[in-house]
Amino acid sequence: MKCPACQSELRRILYESVPVFRCLECHGYLLSEKRLEGIRRSPATGIEQLKREVIQEAQPDTLDSVRCPRCGRKMDKRYIEQPAALHVDVCRECRFVWLDGGELGRLQLTNEMTLKGQESRRFRKRLATMTPEEKAEFERNLEALPDEKAEPSILWSMFFGRRHDWFC
Ligand SMILES: [Zn+2]
Ligand SMILES: [Zn+2]
């Protein structure tokens, strides 16, 4: 199967024991819709590694509709609010989901933070309303994070500045 974003050949790999198709060129992933919900990085992965993934693999969202690599039908755009705010492409027929480069990492990173603090709900909300410029800023801030054991609250204030306005 060919990558729906860049037409390179997709490779079958295991991501945390889950079979997925990966594009080595643009870092996107194709996987079954069902599996997307269960896919979790093992706790050993660490936030540092996830951050690196998100930064290295980040690609712009595919804005035009893409075609399902399996059946060739146009994929539907779908917004996933939980746990991360993402736009993904879904084939209704094959039940395949296409994630642009960096999106699976973002999903995992948000999962991590969800486990660690209640801020995550606001965090997701904030992510959902980001402009492309803010997203770029967000990714730069990720890069600048001092230490992988940073608390979510510290992460939050690094991403978005003031700490107090998210309590009201
Ligand atoms: Zn690709
Ligand atoms: Zn399909």
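Residues numbered from 1 in each chain as written. Chains lettered and ligands numbered in written order. Predicted model: local features only at pLDDT ≥ 70, side-chain atom pairs only at ≥ 80, totals over all residues. Heavy atoms only, no water.

**Focus on the coordination of the zinc ion (ligand 2)**
No. 1: Only C68 (SG), C71 (SG), C91 (SG) and C94 (SG) from the protein coordinate the zinc ion (ligand 2), and they sit 2.2 to 2.3 Å from it.
No. 2: One way to put it: the 4 donor atoms around the zinc ion (ligand 2) meet at angles of 103 to 114 degrees, and that makes the site tetrahedral.
No. 3: Mapped onto the sequence, the donors of the zinc ion (ligand 2) take the spacing C-x2-C-x19-C-x2-C. Within this pair, whereas C71 is found in the loop between helix 2 (46-57) and strand 4 (76-80), its partner C91 is found in strand 5 (residues 86-91), the two being separated by 20 residues in sequence.
No. 4: Owing to a relative accessible area of 1%, C91 belongs among the buried residues under this scheme. (Donors = N, O, S within 2.8 Å, 3.2 Å for Na, K, Ca; no water. Tetrahedral: all angles 85-135°; square planar, octahedral: opposite > 155°, others 65-115°. Helix = DSSP H or I, 4+ residues; strand = E, 2+ residues; numbered from the N terminus. Buried < 20%, exposed > 50% of the residue type's maximum accessible area, 1.4 Å probe, protein only.)

**Brief notes about the sheet that holds strand 5**
No. 1: Overall, antiparallel pairing links the 6 strands, which are arranged 1-2-3-6-5-4 in an open sheet. The sheet terminates laterally at strand 1 (11-15) and strand 4, the two strands that pair on one side only. Geometrically, the sheet is characterised by an average inter-axis angle of 35 degrees between neighbouring strands, direction not taken into account.
No. 2: In this structure, strand 4 lies alongside strand 5, joined through 5 bridges in antiparallel fashion. Paired with D76 across the two strands is V90, which belongs to strand 5. (Pairing = 2+ DSSP bridges. Axes fitted to C-alpha atoms, helices over the stretch in contact; angles between N-to-C directions.)

**A short note on the layout of surface pockets**
No. 1: Computed from the structure, the largest pocket encloses a volume of approximately 310 Å³.
No. 2: Contributing to the lining of the largest pocket are 20 residues, with D61, R106, M130, P132 and K135 lying nearest its centre.
No. 3: Contributions of two or more residues to the lining of the largest pocket are made by strand 5, helix 4 (120-128) and helix 5 (132-144).
No. 4: Among the elements that make up the lining of the largest pocket, the one with the highest residue count is helix 5 (4 residues). (1 Å grid on protein atoms, 1.4 Å probe; cavity = no way out; pocket = protein on both sides within 12 Å on 5 of 7 lines; lining within 4 Å. Points joined across faces, edges and corners; volume = space filled by probe spheres on them.)

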